[in-house]
Amino acid sequence: MGTLKLEAARSRSDLVAPPVAKALAVWPEDAPVDVDQVMVAPIDPDLADTAAFCEAYEVGLDVSANCVIVTGSRGGVTKYAACIVLATTRADVNGVVRRHLDVRKCSFAPMDEAVRLTGMEYGGITPIGLPADWPILVDARVAATPHVIVGSGVRHSKIAIAGPALGALPNAEVIEGLARQV
């Protein structure tokens, strides 16, 4: 995982957002990956954006995953979801995601809204610790990657986790074609 100095995330609550720490504290015993295999590494917060992070820490874009929050509505009901895609791809928000959420139009959630609703920092949002009723849509390429780097809920660290474990999170669904190659 490049030059990252990884430690067990559960023992480093100072390196994750409060909702992430809470989720790690109640990690299911029957989860496909043991909580101690969810790792975290400190990084320079000025290098949290994907391209800068990958270059600075020698992490390939093919193992760096982005978690984007999307929103859409139909009939006055607003829905939110997280999409997990590799940095080499882009989520098909107005195609696959829109149809999956059954909304008229789907878009990226505004930054302030995403931050407020997740309790996480923009640029560090992660699927671990999201609101319990939100679907987590995981591109099949992410779930097929042995280990990926994703946000930790804050900009000053990153989480390393097995790709298949992201697809097994509560409310997660692995979707073929969720993202398109950039």
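For the structure, see preceding data.
Residues numbered from 1 in each chain as written. Predicted model: local features only at pLDDT ≥ 70, side-chain atom pairs only at ≥ 80, totals over all residues. Heavy atoms only, no water.

Asker: Just to check I follow, could you spell out the pattern of salt bridges for this structure?
Answerer: Note on pairing: side chains with opposite charge can pair once their charged atoms come close. Considering all chains together, one arrives at 7 salt bridges under this definition. For D14, the salt bridge is made with R12, and the minimal N-O distance between the two is 2.6 Å. We classify D14 as partly exposed; its relative accessible area is 45%. Across the pair D49 and R155 runs a salt bridge, and its minimum N-O distance is 3.4 Å. Separated by 106 residues along the polypeptide, D49 in the loop between strand 2 (39–42) and helix 2 (50–57) and R155 in the loop between strand 8 (148–151) and strand 9 (157–161) bring together distant segments of the chain. The partly exposed category is assigned to D49, whose relative accessible area is 45%. Each of the salt bridges in this network shares a partner with another, and the network as a whole consists of E7, R12 and D14. (Salt bridge = Lys/Arg side-chain N within 4 Å of Asp/Glu carboxyl O. Buried < 20%, exposed > 50% of the residue type's maximum accessible area, 1.4 Å probe, protein only. Helix = DSSP H or I, 4+ residues; strand = E, 2+ residues; numbered from the N terminus.)

Asker: Just to check I follow, could you spell out the sheet that holds strand 1 (residues 7–8) for this structure?
Answerer: Strand pairing in a sheet is mediated by backbone hydrogen bonds. Such pairs are either parallel or antiparallel. Strand order in the open sheet formed by 4 strands is 1-2-9-8, and the pairing between neighbours is antiparallel. This sheet does not close on itself; its edge strands, each paired only once, are strand 1 and strand 8. As paired strands, strand 8 and strand 9 are joined by 4 bridges and run antiparallel to one another. In the strand pairing of strand 9, V150 is matched with I159. (Pairing = 2+ DSSP bridges.)

Asker: Quick question: what am I supposed to make of helix 4 (residues 111–118) here?
Answerer: Turn by turn, an α-helix covers 3.6 residues, leaving residues three or four places apart pointing in a common direction. Buried residues of helix 4: E113, A114 and T118, and no others. The buried residues of helix 4 occupy an angular sector of 110 degrees when the element is viewed end-on, so they sit on one face. Seen from the buried face of helix 4, the exposed residues on the opposite side, beyond 90 degrees, are D112 and R116. In this structure, the buried side of helix 4 is in contact with helix 1 (18–25), strand 3 (65–74) and strand 4 (77–86). Backbone geometry just after helix 4 places G119 at a positive phi near 75 degrees. (Arc of directions from axis to C-beta. Contact = heavy atoms within 4.5 Å.)

Asker: What is the right way to read helix 2 from this model?
Answerer: Along helix 2, the residues that are buried comprise T50, F53, C54 and Y57. Considered in projection along helix 2, the buried side chains sweep an arc of 95 degrees and stay on one side of the axis. Of the exposed residues in helix 2, those oriented more than 90 degrees away from the buried face are A51 and E55. If you follow the buried residues of helix 2, they end up packed against strand 3, strand 8 and strand 9. One or two steps after helix 2, the chain reaches E58, where phi turns positive at roughly 55 degrees.

Asker: Which parts of the structure should I look at to understand the environment of E7?
Answerer: Its location among the elements puts E7 in strand 1. Polar side-chain contacts of E7 include one of 2.6 Å to the side chain of R12. (Polar contact = N/O pair within 3.5 Å; in protein donor to acceptor, adjacent residues only side chain to side chain.)

Asker: What is the right way to look at the side chain of E113 in this model?
Answerer: Position of E113 among the secondary structure elements: in helix 4. Summary of buried charges: E113 has no salt-bridge partner, and the nearest side chain of opposite charge, R116, is 5.0 Å away. For E113, the side chain forms a polar contact with the side chain of Y80, separated by 2.3 Å. (Lys, Arg positive; Asp, Glu negative; His and termini not counted.)

Asker: Help me out: how do you make sense of unusual backbone geometry in this one?
Answerer: For residues that are not glycine, phi is negative in most cases, and the peptide bond is trans in most cases. The backbone phi angle of E58 is positive, close to 55 degrees, even though this residue is not glycine. Among the secondary structure elements, E58 is positioned in the loop between helix 2 and strand 3. Assessed through its relative accessible area of 58%, E58 is described here as exposed. Here the phi dihedral of D102 falls at roughly 55 degrees; this positive angle occurs in a residue that is not glycine. Mapping D102 onto the fold places it in the loop between helix 3 (93–101) and strand 6 (105–108).

Read these as layout, nothing more, since geometry by itself doesn't imply function.
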